[in-house]
Amino acid sequence: MQNSHDSTDTTIATATANSKATRRWKGCPDGSRVVIKAGTALLTGGGDNIDIEVMAALVGQIARLHARNSDVLLVSSGAVAAGRRVLGVPAEGGNMPLKQALAAVGQGHLMHTYEQLFSWQEIPIAQGLISQRDISDRLGYINIRNALMELARRKVVPIINENDVVAIEELSGEVFGDNDRLSALVANLVDADLLIILGRVDGLFTADPNIDSNARMIPLVERVTQEEVERLGGPSLDTLGRGGMRTKLQAAQLAASSGVDVFIANGKTPNIIERIADGEHLGTFFPARRGRMESRKRWMLSGLSIKGEIGVDGGAARVLQRRHGSLLPAGIIAADGTFLRGDLVSIVNDNSVQIGMGITNYSVGEVAEIKGKHSRQIADILGVTYGDEVVHRNNMVIV
C-alpha cells in the first residue's frame, strides 16, 4: 500500500506570480525559532568546492537574525564536497567507503570554516550529527529535542548534518535527500516557527525552467499531493546535492503538516533569510496546515518508526478525518506489517491512501482477528482486551 495523499481533497495551489495568494506571508517576529537548510549546490556555488563567500553571506544573515533574539538552527550539507576539496578527489563517481571517508574528512573542515565565520560574529556554535535511527524511536527523539532546545536557550547556533559516516543510506540518496527531510524533522523537533530551504532555484515551478520557457514559479502551495510531488519534483539546478525539488517538496509537506511555515527559495538572493523573516514573499511559500501540536504527535507525524499499516473502510475513514474519532475494529478491513501493541502504524483508506498514523493497542495478529467485529466481541475473540479502540484518537494524527 502506498503512502500518498488523496488527490480528491489535497491539491497544490495553481497560483502563479500574477495571482493573489490565498494566505499572505506576514513574516515572523523577533524571538521566533527559525531553521535554515543550506544545500550542497548552494554552498559550492555550483562548483566542486565549498564557496567561502556564500558561507560568509549565510552566516552574516544568521547573525543578524540571532541579534534579534531569534533562535536559529542551521542544517548544512556540504561535508562530502568539502572532503573532495581537501583530498583532491574529483566530483564524479566514488564507491560508498570513499564517500564515507570524504564525509569524515569534510565534516571537520566544514565545521572549522563555520567556527571561524561565526566567531567573527561572536556567536558560539555546536555540531549535531544525526541519523535516521537516532530519531526513529521516541526516546531518541526526546533526547535530541532536549539537547537542541538547551542549545537554543543558551543562544548557541547548532549546525546539523546527517551522520554520513555511519548512515550510508543518505549517501545513496535514499533517506534525508541532501538533508531536505532532515531539516523538516529538525523543524518538527524544536517547534520551529519557520523553515527556509535554500538552494540555487528561486522556488517551485510549473515545469523545469531549464527546459520549458513557459515555466512559471508558484508562489503559494496550500497543500500538495504525492502525484504532484512526482510531476513537479523533477530535476533542478541543485545537481551536486542528493535531493532535488522532489525531496524539497516532501520536506515542505512534512513541516507544514506539523505546524511550521515553509519557504523554498534561492540562497543566492541577497539577504534572502532576513527578507523572508521580515515578511517579504520570496520563493514558494507553504503555510502551516495546523497549529502547534504536542511533541508526541509531532514524533508520530515524522513517520520514522512505522511498523505496519491498518486499512479502514470508507465509513471509518470519514469518522477519523471529519469527526476526529477513534479507530474501532468494526471499521478495519486489513492489517499488514510486524507491529506489536504500542507500535506506531500507518492508517490507510480503502484506496490505499494514507490518512493518518497512530499508536496501536493491539498487535497485527490481534487486529487481523478482530477486524470487522464489534468492540464488545474483542474479549471473546482474543481472551483479553486492551480497550474498545484499536487506535485511540488521543494517540493518533490525521494527515
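Residues numbered from 1 in each chain as written. Predicted model: local features only at pLDDT ≥ 70, side-chain atom pairs only at ≥ 80, totals over all residues. Heavy atoms only, no water.

**A word on the sheet that holds strand β11 (residues 332-337)**
Put simply, the test is: Should DSSP find at least two bridges between two strands, the strands are regarded as paired. Helix and strand definitions follow DSSP, with helices as H or I runs of at least four residues and strands as E runs of at least two, each counted in order from the N terminus. Structural elements are reduced to axes, namely lines fitted to C-alpha atoms, with helices fitted over the stretch in contact, and the angle between N-to-C directions of any two is expressed from 0 to 180 degrees.
Spatial strand order, β11-β10-β12-β13-β14: five strands in an open sheet with mixed pairing. Sheet topology places β11 and β14 (396-398) at the edges, where each strand pairs with a single neighbour. Going from strand to strand, the sheet's axes swing by 20° on average, the running direction of each strand aside.

**Brief notes about the sheet that holds strand β4 (residues 157-162)**
So the rule is basically this: The contact definition used throughout considers only heavy atoms, calling two residues in contact when any of these lie within 4.5 Å.
Ordered in space as β3-β4-β2-β1-β5-β8-β9, the seven strands form an open sheet in which the pairing is mixed. What marks the edges here is a single partner per strand, and that holds for β3 (125-130) and β9 (284-286). Taking each pair of neighbouring strands and ignoring which way they run, the sheet shows an average axis angle of 20°. Judged from the six bridges that link them, β3 and β4 form a sheet pairing that is parallel. Among the inter-strand pairings, Q127 is bridged to a residue of β4, identified as I159. Of the strands in this sheet, β2 (71-76), β3 and β4 are in contact with helix α4 (residues 96-120), which crosses β3 at around 155°.

**Side note on the packing of helix α2 (residues 52-66) against α4**
To be explicit about the condition: With respect to orientation, any angle under 35 degrees is reported as roughly parallel, any angle over 145 as roughly antiparallel, any angle of 65 to 115 as roughly perpendicular, and every other angle as oblique. Left-handed describes a crossing whose near helix is turned anticlockwise from the far helix by less than a right angle; the clockwise case is right-handed. As a working rule, the residues Ala, Val, Leu, Ile, Met, Phe, Trp, Tyr, Cys and Pro are called nonpolar, Asp, Glu, Lys and Arg charged, and the rest polar, with Gly in that last group.
It is the contact of α2 with α4, at a shortest axis distance of 10 Å, that shows an interaxial angle of 50°. Relative to α4, the element α2 is oriented oblique. In this structure, the crossing between α2 and α4 has a hand that is right-handed. Contacts from I52, M55, A56, L58, V59 and I62 in α2 reach L110, T113, Y114, L117 and F118 in α4. Here the residues of the contact of α2 with α4 are counted per class, giving 10 nonpolar, one polar and no charged.

**Some remarks on α4**
Quick reminder of the rule: Take the number of residues in a helix, subtract one, and multiply by 1.5 Å to get its expected span. Only protein chains enter the accessibility calculation, which uses a 1.4 Å probe; a residue is then buried when its area is under 20% of its type maximum, exposed when over 50%, and partly exposed in between.
With 25 residues, α4 ought to run about 36 Å at 1.5 Å a step, and its terminal C-alpha atoms sit 36 Å apart, in line with that. Along α4, the residues that are buried comprise L102, A103, G106, Q107, L110, M111, T113, Y114, L117 and F118. Buried residues along α4 sit against α1 (40-43), α2, β2, α3 (79-87), β3 and β4. One or two steps after α4, the chain reaches E122, where phi turns positive at roughly 60°.

**Let's talk about the pattern of salt bridges**
How we decide: Criterion for a salt bridge: a side-chain nitrogen of Lys or Arg within 4 Å of a carboxyl oxygen of Asp or Glu.
Following the criterion strictly, the structure yields 11 salt bridges and no others. Residue R33 pairs with D71 through a salt bridge whose shortest N-O separation is 3.0 Å. Linking R33 in strand β1 (residues 33-38) with D71 in strand β2, this pair joins segments that are 38 residues apart in sequence. Note on accessibility: R33 and D71 belong to one class, buried. K155 serves as the salt-bridge partner of D71, at 2.8 Å between the closest nitrogen and oxygen. Taken as a pair, D71 in strand β2 and K155 in the loop between α6 (138-153) and β4 lie far apart in primary sequence, 84 residues in all. When its relative accessible area of 27% is taken as the criterion, K155 is described as partly exposed. Among the charged side chains, a network of salt bridges with common partners joins D30, R68 and D278.

**As for unusual backbone geometry**
We note that D191 has phi near 60°; this positive angle belongs to a residue other than glycine. Here D191 lies in the loop between α8 (180-189) and β5 (194-199). Judged by relative accessible area, D191 falls into the buried class, the value being 15%. A positive phi angle is found at N271, which is not glycine, with a value near 55°. By the secondary structure assignment, N271 is in the loop between β8 (261-266) and α11 (272-277). The class for N271 is partly exposed, based on a relative accessible area of 38%.

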